[in-house]
Amino acid sequence: MTSDPNIEAVRSSSGPLSMRWTQGLSDAEIPLEIHDLTVAYHHKPVLYGVDLAIPPGKLIGVIGPNGAGKSTLIKSIMGLLPTDSGWVRLFGKPNKKNLGRVGYVPQRESVDWDFPVNVMDVVMMGRYGKLGLFRRPGKKDRSIAAACLEKVHMMPFADRQIANLSGGQQQRVFLARALAQESDLYLMDEPFAGVDAATESSIIDLLHTLRKEGKTILVVHHDLPTARNYFDMLILLNMRVVDFGPTKEVFTYEKLQKTYGGRLTILSEVADAVRQTKA
Amino acid sequence: MRALIPTWDWHTIFVAPWTTDFAIYGWIFLMGFLVCAACGLAGNYLILRRMALVGDAISHSVLPGLAIAFLAANAWRTGMAAEVNGMVDTGGQEPGMIHGFAMFTGAMVAGVVTTLMIEIIHKHTRIKQDAAIGITFSTLFALGVVLISVYADKVDLDADCVLHGEIAFVSIQPFFSLSGVEIAPASVVLMGLVAILTLGLIVVFYKELLVSSFDPGLASSMGIHAGFVHYALMCWLSVIVVSAFEAVGAILVIAMLILPGATASMLSTRFPVVLSLSLLHAAVSSILGLHLAIWLNSSTAGSMVVAGAGLFGLVWLFSPSQGLLRRWVWLRKNKRSALQAESLHPPYGC
Ligand SMILES: Nc1ncnc2c1ncn2[C@@H]1O[C@H](COP(=O)(O)OP(=O)(O)OP(=O)(O)O)[C@@H](O)[C@H]1O
Ligand SMILES: [Mg+2]
């Protein structure tokens, strides 16, 4: 792979923070690389100068307070928002050219659940990208979709209209849809919101299986105590990337304090959790 | 009292239209059905995307587009005629090819301008979308009204017709003929083409339309540009509206856009079934509407909308999954714990 001289220049000039975890990898091996990304709503920046380069085959958590720009980050990676500066590359190509390799699990509230489709229809939508224009889903697509539903234990609900599902079931349908995309990089916005403990742990098992297959998974997550156990690496985000690295290096009281801007009500719990790990 | 209810003659109302008077009513029914079908199919997407009001806006703002297109086409034709014959053709008698072409271009431009205006107002001010729609369509409609009244002699649009149209005119229209064979009244041919194309587009782009309506984020990750689909849909909607304009006008067309899909969506939760049911609604409401219009000797389009709304009401009452009747029966059965239980398990769905 020949690489763009501009990007090389950026690489050597930018600090060790952003590039530390992808050294020695070729462009096409880096699932996600973001440089100087700034995104604003109504001229108010929500993400500012974000630099990230993510190594393959890792389960990575994105944590930060409400309004930190986590969903905005995911949406910008998906090319859904106008950016003010910077670029996003997926497997060495500009994001819009390579979205076919990305599976996306949006926040559950982002779609209309009264839509007249059933569970199978939604999972089948995950196959549309592979089909391209004019082709209809065939037998193979149906069996892949069924297998994905099976993985999230939703096969018994295949014919159900999506409005008649619980929140956790809806979340699992989205997950099955992303699986049906057969992607190499998954972006998930709060897949555990409104999911019971049993489902949460079965989803985590599923994510671990995906990681074993060499996939990279980026998960926006809200619960700090579990974040420490779930993820290989963490991105601490609050408008900027506060830190990015292996969980045990990043999950410290000081860094979390910095990310959450001293909101102690949350942090007292986390502080306990951190202390417990040290003990 | 008797004077208020028109005479009921079974034969005139129900038999004659399909037998002796078929040459007239056949075309009227067909036109009504084609309008309802094209509108109903496209309307499903408006409902899914929660854009029913945008459909309303476009149906109104097509008017200035039409007026400007007519003026432009007239000017162009007059110029040509002047060059060729050295005399001025006042035009406007029969809408020729140029007028037809100008009409569709004007409508599509109007559709896109409306959509853009709504979005620009909505994005760049604090005004919410519903208010932005209100501003846009009333402004553009007013512009159309002004243009029509200023250039009344040059624009062949009747103010009444603009509002509620008249389907019955198809029966007195010149026929469209292909290599000497008369096929059908010109506007029936046009509407037929538009309806078939609408169905064709929906079949061909089923996946793209579905996924971009349900989850624009997912759609764009698949290389389906959700914004493009949005504008394409608005363009096509304008084409449908403008072809239906003479027949049903700016106000009734909204009912035809929304009623079939709304009725169908109470009967099924599978989108392909909903699409087929909205076609059925279009057929039934145009037949019932035709008979109603003959009986009451009234506006055909108006009667078809009334019939369509009647169907909507019936379905609302009797729908097996969401109907009022089923709810009522369910409540009766479970009288004791009904109130409490209903809040926990609504009686619809599985
Ligand atoms: N469509 C929008 N228009 C204007 N401002 C927005 C929009 N979407 C998000 N914002 C603002 O951008 C900021 C970041 O939003 P974002 O949704 O990315 O946060 P988040 O980290 O995902 O928060 P949460 O934990 O609540 O999901 C917030 O301050 C929010 O108010
Ligand atoms: Mg969010």
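Keep in mind the model is a prediction, meaning the values are calculated, not measured.

Focus: helix α5 (residues 139–151) of chain A
Residues and elements named next belong to chain A. Between the first and last C-alpha of α5 there are 18 Å, a value that for 13 residues agrees with the 18 Å anticipated at 1.5 Å per step. Residues of α5 that are buried include every one of D141, I144, A145, C148 and L149, and no others. Around the axis of α5, the buried residues are gathered within 140° of arc, so they sit on the same side. Facing away from the buried side of α5 by over 90 degrees, the exposed positions are K139 and K140. The inward-facing, buried residues of α5 abut α4 (119–131) and α6 (167–180).

What to know about the sheet that holds strand β5 (residues 93–94) of chain A
The strands that make up a sheet pair up through hydrogen bonds in the backbone, lying either parallel or antiparallel. Residue and element names in this part refer to chain A. Pairing is antiparallel across the open sheet formed by 4 strands, whose spatial order is β2-β1-β4-β5. The open sheet has two free edges, formed respectively by β2 (44–54) and β5, since each of these has just one partner strand. Summarising the sheet, strand β1 (residues 32–41) and β2 pair through 7 bridges and their orientation is antiparallel. By the bridge assignment for β2, I34 is matched with L52. Its contacts with the sheet place helix α3 (residues 70–77) against β1, β2 and β4 (85–90), and it is angled at close to 120° to β1.

Things to note about the site of ligand 1
Residue and element names in this part refer to chain A. Every one of the 13 residues lining ligand 1 counts as a neighbour, but G67, K70, S71, T72 and H222 are closest to it. Note that an oxygen atom of ligand 1 is positioned 3.2 Å from one of the backbone N or O atoms of A68. With respect to ligand 1, the side chain of H222 contributes an N or O atom lying 2.9 Å from an oxygen atom. Here ligand 1 has 630 Å² of accessible area as a free molecule, and 62% of this is covered by the chains. Take the shell around ligand 1: its biggest share by element is 3 residues, from α3. Of the residues assigned to the shell around ligand 1, the class counts are 4 nonpolar, 7 polar and 2 charged.

Some points on the packing of α5(A) against α6(A)
Residue and element names in this part refer to chain A. Put simply, α5 and α6 touch, their axes get as near as 8 Å, and they point 135° apart. The orientation of α5 relative to α6 falls into the category oblique. Seen along the crossing, α5 lies across α6 with a hand that is right-handed. Listed contacts from α6 to I144, C148, L149 and K151 of α5 are A176, L179 and A180. Per-class residue counts for the contact of α5 with α6 are 6 nonpolar, no polar and 1 charged.

Section: the confidence of the model for chain B
Residues and elements named next belong to chain B. Averaged over every residue, the pLDDT of chain B is 82; the share at 70 or more is 87%. When the criterion is pLDDT under 50, residues 85–95 qualifies, and its contacts beyond four places in sequence or with other chains add up to 14 contacts. This stretch, residues 346–350, has a pLDDT under 50; its non-local contacts, to residues over four places away or in other chains, come to 11 contacts. Our summary of model confidence lists the complex with pTM equal to 0.82 and ipTM equal to 0.80.

Structural notes on the sheet that holds strand β10 (residues 240–246) of chain A
Residues and elements named next belong to chain A. Here 6 strands make up an open sheet; going across it, the order is β6-β7-β8-β3-β9-β10 and the pairing mixed. The two strands at the open ends of the sheet, each matched to only one other strand, are β6 (102–105) and β10. Averaged over neighbouring strand pairs, the angle between their axes works out to 15° when direction is ignored. For strand β3 (residues 59–63) and strand β8 (residues 216–220), the ladder comprises 4 bridges, and the chain directions are parallel. Counted as the bridge partner of L59 is I217 from β8.

So, the side chain of D243(A)
Residue and element names in this part refer to chain A. Mapping D243 onto the fold places it in strand β10. Look at D243 and you get buried, because its relative accessible area is 9%. Side-chain polar atoms of D243 contact the side chain of K255, separated by 2.7 Å.

Looking at the nonpolar core
Among the nonpolar cores identified, the biggest contains 137 residues, and I162(A), L207(A), V35(B) and V248(B) are the most heavily contacted of them. Here the element with the most residues in this core is helix α10 (residues 226–265) of chain B; it accounts for 21 residues. Once residues lying within four places of it in the same chain are set aside, the contact partners of V35(B) are M191(B), A244(B), A247(B), V248(B) and M256(B).

Some details on the packing of aromatic side chains
Scanning the model with the defined rule gives 12 aromatic pairs over all chains in all. Ring centres 5.8 Å apart and planes at 80° place the aromatic pair W27(B) and F175(B) in the edge-to-face group. On the criterion of sequence distance, the pair formed by W27(B) in helix α2 (residues 22–48) and F175(B) in strand β1 (residues 175–178) is long-range, its members being 148 residues apart. Where F29(B) meets F33(B), the ring centres are 6.3 Å apart and the plane angle is 20°; that geometry is what we call stacked. Within this pair, F29(B) and its partner F33(B) are both found in helix α2, separated by 4 residues, close to a single helical turn. Residue class for F29(B) comes out buried when judged on its relative accessible area of 15%. Judged by relative accessible area, F33(B) falls into the partly exposed class, the value being 22%. Following the ring pairs from residue to residue traces out a cluster consisting of W18(B), F22(B), F29(B) and F33(B). Above the ring of W87(A), the side-chain terminus of R89(A) is found at 5.7 Å from the ring centroid. Sitting over the face of the ring of F91(A), R101(A) holds its NZ or CZ atom 3.8 Å from the ring centroid.

A short note on the pairing of β6(A)
All names here are of chain A. With burial as the criterion, each face of β6 is covered, one bearing V102 and Y104 and the other bearing G103 and V105. Both β6 and strand β7 (residues 185–189) contribute to a ladder of 4 bridges, which runs parallel. The partner of G103 across the bridge, within β7, is Y186.

Cut-offs used in this document
- Residues numbered from 1 in each chain as written.
- Chains lettered and ligands numbered in written order.
- Predicted model: local features only at pLDDT ≥ 70, side-chain atom pairs only at ≥ 80, totals over all residues.
- Heavy atoms only, no water.
- Helix = DSSP H or I, 4+ residues; strand = E, 2+ residues; numbered from the N terminus.
- Expected span 1.5 Å × (residues − 1).
- Buried < 20%, exposed > 50% of the residue type's maximum accessible area, 1.4 Å probe, protein only.
- Arc of directions from axis to C-beta.
- Contact = heavy atoms within 4.5 Å.
- Pairing = 2+ DSSP bridges.
- Axes fitted to C-alpha atoms, helices over the stretch in contact; angles between N-to-C directions.
- Near = heavy atom within 4 Å.
- Polar contact = N/O pair within 3.5 Å; in protein donor to acceptor, adjacent residues only side chain to side chain.
- Areas by Shrake-Rupley, 256 points an atom, 1.4 Å probe, with all protein chains shown as cover.
- Nonpolar A, V, L, I, M, F, W, Y, C, P; charged D, E, K, R; others polar.
- Parallel < 35°, antiparallel > 145°, perpendicular 65-115°, else oblique.
- Left-handed = near helix turned anticlockwise from the far one by under 90°.
- pLDDT = per-residue confidence, 0-100.
- Core = buried A, V, L, I, M, F, W, Y, C linked by side-chain atoms within 4.5 Å.
- Phe/Tyr/Trp six-rings, centres within 6.5 Å; stacked < 30°, edge-to-face > 60°.
- Lys NZ or Arg CZ within 6 Å of the ring centre and 35° of its normal.

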